[in-house]
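Residues per chain are reported as follows:
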Amino acid sequence: SQHQLNVTTFNASVMAIISLQTFAGIWINAFMVSVLCLAWVRKKSPNSNEKILLVLGCSRFGYLCITWVYFFLKIFYLCHFFLHSLPQLLAAIKTFLNFSNLWVSAFLSVFYCIKIANFWHSFFIHLKVKIDRIVPWVLLGSVLLSLGFGIFLYEKIDEGLCDNINCTTTGKFWKQNFKIHQHFFSFNFISGFGYATAFTAVISSALLLLFSLWRHKRKMQMKSLKNISMDAHIKAMKYILSFLFVYSINFICLVLAMIYTIEMGYAVTYFILFSETALPTVHSLILIFSNPKLEKTLLRTLSCVKCKICMRQ
């Protein structure tokens, strides 16, 4: 019918836009990971910042790939999507990569704050001294905790499917009275706590760095001086504030997805979908331009590609 044709055309248009965003994000994060891996092989001693960026790039690369596959199957192959263990498997992997992305990116803000901010509290000084040793353990803990969330979600979806899929009726895989909150209340509660914790860490890092910048600026003005620390404060502040803006939108989308779960309108669904694919791309691009090594390599790569295209023409 005409209505089905319009829906199919609309879904195809949305998927085309999402595919462009996703593939751009995949390329950007793959570029970041490849450059960091090559640098690791050459000098065999990456610093803490590069370790965090490497884990973050890998998690975002995987997250964008699995998100594209998940929504492609859900939009165009809905009848085959809810067969066997495919939905819970994809959702579990997506959750694992999403939580890894969230917590590692939040830890990156905390890392910048600890490295750059100047506070004379004994605990803060202890963190500043030990932060390089703490980084691998925090990254490992984030990955393992995210894996636990993925496994937990897999079990919850499996329970929901077993209780609510009508196996005798073809074409209708979900019952109309699907009680989603009964199966996912505990997961949503824990997920919400995890989202709030990561978001609080980002906000706290931004506020602490802003306070440190204000205090340092006032001290330098009294002495009529300007030093490298001031420039580092301002540069870090710009990137953390930009990340805070990106993270805030992402946090809103996660909360919306958690509240509505599967009973949401098209507007909310596609807003969340656009954000899920665009925000990791935007923030990774910000991180590349905040790193002189990555920025220089990216510009050199783009110039080489441009030269080759011009030569072919």
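Quick caveat, the model's predicted, so the values are computed rather than measured.

Engineer: Help me out: how do you make sense of the UniProt feature "transmembrane region" (unreviewed entry) in the protein in this one?
Structural biologist: Mapped onto the present numbering, the UniProt feature "transmembrane region" (unreviewed entry) falls on residues 12–41, 61–83, 95–114, 134–154, 193–214, 239–262 and 268–290. The span residues 12–41 is 100% helix and 0% strand, and its two end C-alpha atoms sit 42 Å from each other.

Engineer: Looking at this structure, how should I read the confidence of the model for the protein?
Structural biologist: Interpreting fine coordinate detail is not advised for predicted regions of low pLDDT. Taken residue by residue, the protein gives an average pLDDT of 76. The fraction at 70 or more is 72%. Mean pLDDT in the protein bottoms out at helix α3 (residues 78–81), which sits at 65, and peaks at helix α2 (residues 48–76), which reaches 87.

Engineer: Would you take a moment to explain empty space enclosed by the protein for this structure?
Structural biologist: Once rolled over the atoms, a probe with the size of a water molecule shows which space is left empty. Counted by the stated rule, this structure contains three cavities of 30 Å³ or more. In this model, the largest cavity occupies a volume close to 100 Å³. Along the walls of the largest cavity sit 14 residues, with R60, N101, N250, L279 and P280 positioned nearest its centre. Breaking the lining of the largest cavity down by element, the ones donating at least two residues are α2, α4 (86–116), α7 (228–260) and α8 (266–290). The class makeup of the residues in the lining of the largest cavity is seven nonpolar, five polar and two charged. Residue lining of the second largest cavity: S105, L108, S109, Y112, Y239, I240, F243, H283 and L287, and that is the complete set. The set of elements that each furnish at least two residues to the lining of the second largest cavity consists of α4, α7 and α8. The element contributing the most residues to the lining of the second largest cavity is α4, with four residues.

Engineer: Just to check I follow, could you spell out the nonpolar core for this structure?
Structural biologist: It is characteristic of soluble globular proteins that their nonpolar side chains tend to be buried jointly. Counting 59 residues, the largest nonpolar core has I52, L108, V135, Y247, I288 and L294 as the members making the most contacts within it. At the level of elements, α1 (2–43), α2, α4, α5 (122–164), α6 (180–223), α7, α8 and α9 (292–312) are the ones that each hand at least two residues to this core. Looking at which element gives the most residues to this core, the answer is α4, with 14 residues. If we skip the residues at most four places from it in the chain, V135 touches S48, I52, F107 and F111.

The rules behind each value
- Residues numbered from 1 in each chain as written.
- Predicted model: local features only at pLDDT ≥ 70, side-chain atom pairs only at ≥ 80, totals over all residues.
- Heavy atoms only, no water.
- UniProt positions renumbered as here; feature names shortened; annotations may be inferred.
- Helix = DSSP H or I, 4+ residues; strand = E, 2+ residues; numbered from the N terminus.
- pLDDT = per-residue confidence, 0-100.
- 1 Å grid on protein atoms, 1.4 Å probe; cavity = no way out; pocket = protein on both sides within 12 Å on 5 of 7 lines; lining within 4 Å.
- Points joined across faces, edges and corners; volume = space filled by probe spheres on them.
- Nonpolar A, V, L, I, M, F, W, Y, C, P; charged D, E, K, R; others polar.
- Core = buried A, V, L, I, M, F, W, Y, C linked by side-chain atoms within 4.5 Å.
- Buried < 20%, exposed > 50% of the residue type's maximum accessible area, 1.4 Å probe, protein only.
- Contact = heavy atoms within 4.5 Å.

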